[in-house]
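Structure at a glance
What follows is the residue order along each chain.
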Amino acid sequence: MVEEKNPENVEKVEEEQTAAPPPPEPTKVFTVEILHMIKEAQQQHGLRHGDYQRYRGYCTRRIRRLRKALKFPQGDKRHFKRRDVTLTQLTGKRADERFIHIPLISAERAWAYAMQLKQESNTEPRKRFHLISKLRKACVYALQLQELCNSEAFDARTKLECEAYVAWMHGSLHFELQLWKTAGEHLKRAQVVYENLAKALPEDEQELYRAKVNEFTPNLRYCAYNISGGRAAGANMDDLLEFRAQGLLENLDDLVNKTKTESSEGLQTIEWRGRKVTVRPEKVRLFLLSAQELDKGLEKASKIDSKIELIERTLMDCKDAIQAVKEEIKQDPKLRSLTTGQTVSGIQYLLAYLSYIRHSRTLQRNLCLVEQAKANFDDPNQKSQIGGGDGKRVRPQDLTRLYEIILQNVTEMQQISGMEEDQNYQSEVENLALTFKAFRCYYIALTLVDMKKWKEAVALYERSSKYAGEALRTTTNDTFNLSDELRKLISTIDSCKFSAHAYSVLEDDNTDPIFTSKSQKSSKPLFERLSQYKEDQSLHTKNPNVFKMVPEMEAIPCKPLFFDLALNYVEFPSLEDKLQSPGKKGISGFVKGFLGWGGNK
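This one's a predicted model, so the numbers in the text were calculated from it and none came from an experiment. In this numbering scheme, every chain counts its residues from 1 along its sequence in written order. Whole-chain, interface and lining totals are the exception, using all residues; otherwise, since this is a predicted model, local features are given only for residues with pLDDT of at least 70 and side-chain atom pairs are given and counted only at 80 or more. Only hydrogens and water are set aside when side-chain values are computed; all heavy atoms of the structure are taken into account.

Quick word on the side chain of Gln 206
Helix and strand definitions follow DSSP, with helices as H or I runs of at least four residues and strands as E runs of at least two, each counted in order from the N terminus. You can see Gln 206 is positioned in helix H8 (residues 206–227). Whether a residue is buried, partly exposed or exposed follows from its accessible area with a 1.4 Å probe, protein chains only, as a fraction of its type maximum: under 20%, in between, or over 50%, in that order. By relative accessible area, which is 12% here, Gln 206 ends up buried. A polar side-chain atom of Gln 206 sits 3.1 Å from the main-chain carbonyl oxygen of Leu 201. Definition of a polar contact: a pair of N or O atoms within 3.5 Å, with one able to donate and the other able to accept a hydrogen when the atoms are protein atoms, and with sequence-neighbouring residues admitted only if both atoms are side-chain atoms.

This is the structure in structure tokens:
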């Protein structure tokens, strides 16, 4: 018999099969720098001066603020209901990293209370029992922290730091309980984890972990001393190392490798001149990735103009990256204090590396301009592109100016901050300067040849050959592939030098009829230079310059001006009799008196 299927059940089964399961929510992975966080809190809230009570008060207030901000209270104002942090608060959509701070700060609060009681137990021995109780409570919170950190919500670095923190807390408890063997094992365990963690992290973060490792040394020596009964303390230290072979740290190497991978993804490390440089700003990391692809792009580019454009684009990005590093130094007072020291810090070395990239790429751009100019210089029929297409051919002066700019760039490379004491770097840059001085002197000599200054040109050829020879003898790192050009320059100088020397001798003798130039032509007629032999093609023309038939104009003195100085000594006759005396009145006086105006009143 065949069972009849209910059509409604069939439809329900088909709907269940076709319905796709909901996609799983991505799990957030947190990174908690436990040692860095607690050290910073301790230094800012009392432990710089050994004030454990102040630090305990800070931890209490910190926990209260965390629970209030996360809306995770323990009961209400009247009733207390304990609520511990679980994985539910660290996973899902509402996962928050701050939940893990609650058990960590709780452990710190209990530990700070224990250290406060330890200071007070010197005068009140009964407080030692309270001290042990608080250390046990701190260990309980530390174990809660470890249970949470071992989940998938945290990365390998957090797991390592948590493991070391728990080992240190248990070691402190066993040390106070005078359980020397177990105390030594826990402290040594924490020391080994911190040592490996320091090796896996970037250089800037290693100092804090190495300092923490050194803190364990006195307690470990005291444990070894008590284990041996005061004898052969060093012999029992090797026994403490056996816990690693017994499987106590079986996952240490795996966690260290994961931490290295994660730190390389989050903080890219660049090695330059034998030193690793940590790259933090995102803009700098992106620039370094693009700079690595620049050489491949230059190899593919066939035209010089396209190469120059690629390099200039990289230079703009490099300028932004340098500005990002400077802003980071300016904003972080710790980095600012590192840059003022005598030793070159990591951030300062990164800035020097970016400055070197900027100067070297600028030099590479200028060399492309030189290559472009030389192509036009070798073929005078082509127009220069350096002058903006204005129709001028490339002259030796143009190339000399380019090499002057390059030498200025090399001088800036020598003055990079942080590289003054690097002798190898300074010798390489000095050798680069000698190379470009050789090319500059060569083109200055060509300029002097155009000016018919043969002796000066020979001297510049000699100087150029000297610089080129020194550069070839001391070449250690031919980054810009200039060795072949230097050898070619030396061979060219040898031929040009003898040619200039020959022209200088011919100019001094002035006896070779083949040697003629525009500077030797003269406007003097033939009869005035009969003692000198010079070929003058104008003598074979219809108007030879033999003798000037019309005399030249000569300047003569002009007629002098006459100044009548005798007038001052001439005596003129008296004219008093011609003038009217005051006593006699004429018709004019009569008229004045008759009309009533002009008389004396």
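Digging into helix H12 (residues 282–292)
Where H12 is concerned, the buried positions are Val 284, Arg 285, Phe 287, Leu 288 and Ala 291. Here the buried residues of H12 occupy an arc of 160° about the axis, which is enough to place them on one side. The arc in question is the one traced by the directions running from the helix axis out to the C-beta atoms.

A closer look at the pattern of salt bridges
Definition used for salt bridges: Asp or Glu carboxyl oxygen within 4 Å of a side-chain nitrogen of Lys or Arg. Tallying each qualifying case throughout the model produces 20 salt bridges. Notably, a salt bridge pairs Glu 176 with Lys 118, separated by 2.8 Å at the nearest N-O pair. Of this pair, Glu 176 sits in helix H6 (residues 156–176) while Lys 118 sits in helix H4 (residues 101–120); the two residues are 58 residues apart in sequence, bridging distant segments of the chain.

Considering the environment of Ile 102
Structurally, the position occupied by Ile 102 is in helix H4. The buried category is assigned to Ile 102, whose relative accessible area is 2%. Once the C-alpha coordinates of Ile 102 and Arg 62 are considered, the two residues, 40 residues apart in sequence, prove to be 8.6 Å apart. Discounting chain neighbours no more than four positions away, the residues touching Ile 102 are Leu 66, Arg 67, Leu 70, Phe 72 and Val 85. Note on contacts: a residue pair is in contact if any heavy atoms of the two residues lie within 4.5 Å.

Focus: the layout of surface pockets
Approximately 1200 Å³ is the volume attributed to the largest pocket. Along its surface, the largest pocket is lined by 36 residues, and Leu 367, Phe 480, Asn 481, Leu 482 and Glu 485 are the ones closest to its centre. When the residues that make up the lining of the largest pocket are grouped by side-chain class, the tally is 20 nonpolar, six polar and ten charged. Using a grid of 1 Å spacing that covers the protein atoms alone, one calls a set of points a cavity when a 1.4 Å probe fits there but cannot get out, and a pocket when the set is open and has protein on both sides within 12 Å along at least five of seven lines; lining residues are those with an atom within 4 Å of a point. Grid points are joined across faces, edges and corners, and a volume is the space filled by probe spheres set on the points. Here the nonpolar group is Ala, Val, Leu, Ile, Met, Phe, Trp, Tyr, Cys and Pro; Asp, Glu, Lys and Arg are the charged ones; every other residue, Gly included, is treated as polar.

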